[in-house]
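# Tertiary structure, described
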Amino acid sequence: MPVATPEQYAEMLDRAKAGGFAYPAFNASSSQSVNAILQGLTEAGSDGIIQVTTGGADYFAGHTVKGRATGALAFAKFVHEVAKSYPITVALHTDHCPKPALEDFVLPLIAESEKVVADGGNPIFQSHMWDGSAVPLDENIEIAQQLLPRLKAINAILEVEIGVVGGEEDGVKHEGSNEALYTTVADVSKAVEGLGLGEQGRWIAALTFGNVHGVYKPGNVKLRPELLGEIQDGIASKFATDAKPLDLVFHGGSGSTDEEIALAVRNGVIKMNIDTDTQYAFTRAVAGFMFTNYDGVLKVDGEVGSKKAYDPRAWGKVAESAMAARVVEATRQLGSAAQSRS
């Protein structure tokens, strides 16, 4: 199946960890961005993850409506249908859901999946993220404990954020101290004590090691991907597990060097979120098209322009292909290129 079953998604993540690579997880906010992601993954021969945020889901529903659960379901149905034409496998994920958005985003989606699973189907989304970075750690873990059994029951995976990713994404903004940008072994130990290591349900951890959402200039952010290895070692020692017991997620990676990405993957990252870079690739191509074809997309000096130029499909195809090229680049950085299970 082009959209992974729960078993296939679990196998994908296990294979990435065993093989020392990670899957790119691309944020989508329109049918065009979904198509670009599928195009790029296919060109790279890579499986991947397509995800939607609260803001992206709002946009899918119609920007004047703000029906994020409806938008997320529309996104999922669209991917399920169009992905049938592509020879790769993708998983669906909901990204960053802070506490105020639980009631109108993740919880309704879980409820919809519970209905589908009760009728013998698969969950609509293979994983959901609970972003508790804005609440105290104890409350973060407490809410995760409430979500985890419901996701286990539908064979879906929970993503939790332990620590704080700087910057802003879809209204989730952090401007705390620099120390808050680096997760500690003690923080993760408390999460493991509350959530287990898989026996209560599978969860993956977005730990922070200096990550910042959005684009930044070199030198403005101090990433410490070696911290992930230190945390893995600390958890393995404390809970007497095999090496690298945690499945990790890399947030806020725009602008990271190949070396930083590679070290994070070696330390257990199996999923890396990518949004800013693909947004820019898409919009940069649109801007280039418009500047180059200004006299076709505009009716300048009383002329009529060119319908072939201002047809949204003309510049849309250029934008999708540019974004797809950035998708290919991400798969090569993460090592998932030519690794498709399909």
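The present account deals with the structure reproduced in this document. It should be emphasised that the depicted structure is a prediction, and the values quoted were computed from it without experimental measurement. (Residues numbered from 1 in each chain as written. Predicted model: local features only at pLDDT ≥ 70, side-chain atom pairs only at ≥ 80, totals over all residues. Heavy atoms only, no water.)

Now for the overall build of the protein chain. Helix and strand counts for the protein chain come out as 13 helices and 10 strands. Relative to the 2.2 N^0.38 estimate, which gives 20 Å for 342 residues, the radius of gyration of the protein chain is 20 Å and therefore close to what a compact globule would have. Dimensions of the protein chain along its principal axes, counting C-alpha atoms only, are 75 × 50 × 40 Å. Scored against the burial criterion, the 342 residues of the protein chain give a buried share of 52%. Taking all contacts inside the protein chain whose residues are at least 6 apart in sequence as the whole, residues at least 24 apart take part in 74%. Looking at charge distribution, the protein chain has the averaged site of its 29 positive side-chain charges lying 4 Å from that of its 43 negative ones. (Helix = DSSP H or I, 4+ residues; strand = E, 2+ residues; numbered from the N terminus. Rg over C-alpha atoms; globule rule 2.2 N^0.38 Å. Buried < 20%, exposed > 50% of the residue type's maximum accessible area, 1.4 Å probe, protein only. Contact = heavy atoms within 4.5 Å. Lys, Arg positive; Asp, Glu negative; His and termini not counted. Charge placed at Lys NZ, Arg CZ, Asp CG, Glu CD.)

The next thing to look at is helix H2 (residues 31–44). Compared with the 20 Å implied by 1.5 Å per residue over 14 residues, the 20 Å span of H2 between its first and last C-alpha is a close match. Of all the residues in H2, the buried ones are Ser33, Val34, Ala36, Ile37, Leu38, Gly40, Leu41 and Ala44. Of the surrounding elements, those touching the buried residues of H2 are strand S1 (23–27), strand S2 (48–52), helix H3 (54–61), helix H4 (68–82), strand S3 (90–94) and helix H13 (312–334). Within two residues after H2, Gly45 carries a phi angle of roughly 65°, on the positive side. (Expected span 1.5 Å × (residues − 1).)

Let us now look at the pattern of salt bridges. Scanning the model with the defined rule gives 19 salt bridges in all. Among the ionic pairs, Glu11 bridges to Arg341, the shortest N-O distance being 3.4 Å. Note that Glu11 is positioned in helix H1 (residues 6–19) and Arg341 in the segment after H13, a separation of 330 residues in sequence. A relative accessible area of 31% places Glu11 in the partly exposed class. Look at Arg341 and you get partly exposed, because its relative accessible area is 35%. Put simply, Glu114 and Arg150 hold a salt bridge, and the shortest N to O gap is 2.9 Å. Residue Glu114 is located in helix H5 (residues 102–118), and its partner Arg150 is located in helix H6 (residues 137–153); the two are separated by 36 residues in the primary sequence. (Salt bridge = Lys/Arg side-chain N within 4 Å of Asp/Glu carboxyl O.)

For Lys66, which is not a glycine, the phi torsion comes out positive at approximately 60°. Checked against the element boundaries, Lys66 lands in the loop between H3 and H4. The exposure class assigned to Lys66 is exposed, which follows from its relative accessible area of 56%. Despite not being glycine, Asn155 has its phi angle at roughly 65°, a positive value.

What follows covers the nonpolar core. Grouped together as the largest cluster of nonpolar side chains are 73 residues, with contacts concentrated most on Phe75 and Trp203. When sequence neighbours within four positions are dropped, the list of residues in contact with Trp203 reads Leu148, Ile157, Leu158, Val160, Ala191, Val192, Leu195, Gly196, Gly198 and Leu246. In terms of nonpolar packing, the next biggest core, distinct from the first, is built from 15 residues, Ala4, Ala25, Ile49 and Val249 among them. (Core = buried A, V, L, I, M, F, W, Y, C linked by side-chain atoms within 4.5 Å.)

On to the side chain of Asn27, then. Residue position: Asn27 is located in strand S1. Taking the relative accessible area as the measure of exposure, Asn27 reaches 8% and is therefore buried. A polar contact of 3.2 Å, which involves the side chain of Asn27, links it to the side chain of Asp95. (Polar contact = N/O pair within 3.5 Å; in protein donor to acceptor, adjacent residues only side chain to side chain.)

It is worth spelling out the pairing of S3 at this point. When you tally the buried positions in S3, you get five out of five residues, the bulk of the element. Where burial is concerned, the two faces of S3 agree: the one with Val90, Leu92 and Thr94 and the one with Ala91 and His93 are both buried. Judged from the two bridges that link them, S3 and strand S4 (residues 127–130) form a sheet pairing that is parallel. Bridge pairing in S4 links Thr94 to His128. As a crossover connection, the stretch from S3 through H5 into S4 is right-handed. (Pairing = 2+ DSSP bridges. Right-handed = clockwise from strand over helix to strand, strands pointing away.)

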